[in-house]
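In case you want the letters, here they are:
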Amino acid sequence: MVVGFDTSNYTTSIAAFDGVRGENCSRLLDVRPGELGLRQSDALFAHVKRLPELADALFRSVGTGDIRAIGVSTRPRAVEGSYMPCFLAGVSAAKTMASALGVPCYAFSHQQGHIAAALWSADRMDLMKKPHLAWHLSGGTTELLLVEPEGRNVRATQLGGTSDISAGQIMDRTGKLLGLDFPAGKALDRLCADANGKDFFRVKTAELTFSFSGLENKVNQYHQAGHSAADTAYFAVCSVCDVVVRTTRDALQKYPGLPVVFSGGVASNSMLRQLCSEFSPVFAKPALSTDNAMGIAVLTWLQEVGE
């Protein structure tokens, strides 16, 4: 068995994996009503408090048998300059545990973990060894990636995505506008089912890049014009889904035949899953679309066992 840690800006998580079965224990960070996330210092403190209870829950479930290695996400992306203090909580816990057990500790990026979680949960681990396109759609990231095998891991090169705010930020800011709790993705998804209007804003693209700052203004204007919460939710979500679909089509013109993988919390959205069906997409299971340590545990197992 191996163990993975991930302490992102939204979720504390720890997971175990034995090559076949995996279990992830996670909990969202507590955010006060009306606020959109936490300061990094507050997130780091929350992770430090939360990790012991999650570790206790995990090991009561899977036991503490033969732990071969520990893995941890140390930064948002595997690129130079990528850094976020909240990951220090997971790094500290992982290195301490590895030292106590006398086992290796492997470092990965949060983004690599999302990709691995999507592939494992969709039973498409074969794509770890093949080039593919991947969307990382979350509260902090909206990137279209070319993913290629790199040893027993993957290398992700950004091809496009948003030039400013992320898809998840659009969802959460729309949620705040409508008085929903943070994070707002699931509540917006439910509201869309009750929408009568089918309006959306066509976000402009340049090559494979687009901007969501204009969409945020359009969502505010749409709601202020007297449209219902359900119709406003649909307007925001459909606008995001539409540009993702169009950008994916454009990417497949440049990279024909490559599979398309969707990861990150926004990838759990039901409208996105429906509209992307034309690509025969690979979607993470909804429970592993949001931030989790399962992908880190899977990557750790690959590094240690090498299969």
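Residues numbered from 1 in each chain as written. Predicted model: local features only at pLDDT ≥ 70, side-chain atom pairs only at ≥ 80, totals over all residues. Heavy atoms only, no water.

Engineer: Can you walk me through the overall build of the chain in this structure?
Structural biologist: When helices and strands are counted, the chain shows nine helices and twelve strands. Put simply, the chain has 307 residues, and 50% of those count as buried. Counting only contacts in the chain whose residues sit at least 6 apart along the sequence, the fraction spanning at least 24 positions is 69%. (Helix = DSSP H or I, 4+ residues; strand = E, 2+ residues; numbered from the N terminus. Buried < 20%, exposed > 50% of the residue type's maximum accessible area, 1.4 Å probe, protein only. Contact = heavy atoms within 4.5 Å.)

Engineer: Looking at this model, I keep getting lost on the layout of surface pockets. Mind explaining?
Structural biologist: To find leftover empty space, a probe the size of one water molecule is rolled over the atoms. Its volume calculated, the largest pocket comes out at about 710 Å³. Lining the largest pocket are 25 residues, and of these Leu28, Pro183, Lys186, Gly265 and Thr290 lie nearest its centre. Mapped onto the lining of the largest pocket, the elements with two or more residues apiece are β3 (22-28), α4 (167-177) and α5 (185-192). Looking at the lining of the largest pocket residue by residue, the class counts come to nine nonpolar, eleven polar and five charged. Roughly 300 Å³ of volume is contained in the second largest pocket. Lining the second largest pocket are 19 residues, and of these Asn9, Tyr10, Met84, Gly140 and Thr141 sit closest to its centre. (1 Å grid on protein atoms, 1.4 Å probe; cavity = no way out; pocket = protein on both sides within 12 Å on 5 of 7 lines; lining within 4 Å. Points joined across faces, edges and corners; volume = space filled by probe spheres on them. Nonpolar A, V, L, I, M, F, W, Y, C, P; charged D, E, K, R; others polar.)

Engineer: For this particular structure, what's the right way to read the sheet that holds strand β6 (residues 132-137)?
Structural biologist: Hydrogen bonds between backbone groups are what pair the strands of a sheet, and the pairing can be parallel or antiparallel. In space, the seven strands of this open sheet follow the order β9-β10-β8-β7-β6-β11-β12, with mixed pairing throughout. Pairing within the sheet leaves two strands with one partner each, and these edge strands are β9 (205-206) and β12 (282-283). (Pairing = 2+ DSSP bridges.)

Engineer: Just checking my understanding: could you explain the sheet that holds strand β2 (residues 11-17) for this structure?
Structural biologist: Sheet architecture is open: five strands sit in the order β3-β2-β1-β4-β5, paired in mixed fashion. The open sheet has two edge strands with one neighbour each: β3 and β5 (105-109). Averaged over neighbouring strand pairs, the angle between their axes works out to 20° when direction is ignored. Here seven bridges tie β2 to β3, and the two strands are oriented antiparallel to one another. Looking at the pairing, Phe17 lines up with Gly22 of β3. On the sheet, helix α3 (residues 110-121) packs against β1 (2-7), β2, β3, β4 (69-75) and β5 and is oriented at approximately 90° with respect to β5. (Axes fitted to C-alpha atoms, helices over the stretch in contact; angles between N-to-C directions.)

Engineer: Just checking my understanding: could you explain the pairing of β4 for this structure?
Structural biologist: Consecutive residues of a regular strand have side chains that alternate between opposite faces of the sheet. Within β4, five of the seven residues are buried, which leaves the element mostly enclosed by the surrounding structure. Of the pairings in the sheet, the one linking β1 to β4 comprises four bridges and is parallel in character. In the strand pairing of β4, Phe5 is matched with Val72. Sheet analysis places β4 next to β5, joined by five bridges and oriented parallel. If you follow Ile70 over to β5, its bridge partner there is Cys105.

Engineer: What is the right way to read the packing of aromatic side chains from this model?
Structural biologist: Each aromatic ring pair is summarised here by two numbers: the centre-to-centre distance and the angle between the ring planes. Counting across every chain of the model gives seven aromatic pairs. Taken together, a centroid distance of 5.5 Å and an interplanar angle of 80° make the contact between Phe17 and Trp120 edge-to-face. Linking Phe17 in strand β2 with Trp120 in helix α3, this pair joins segments that are 103 residues apart in sequence. When its relative accessible area of 22% is taken as the criterion, Trp120 is described as partly exposed. Look at Phe262 and Phe283: their rings are 4.5 Å apart centre to centre, the planes differ by 15°, and that puts the pair in the stacked class. (Phe/Tyr/Trp six-rings, centres within 6.5 Å; stacked < 30°, edge-to-face > 60°.)

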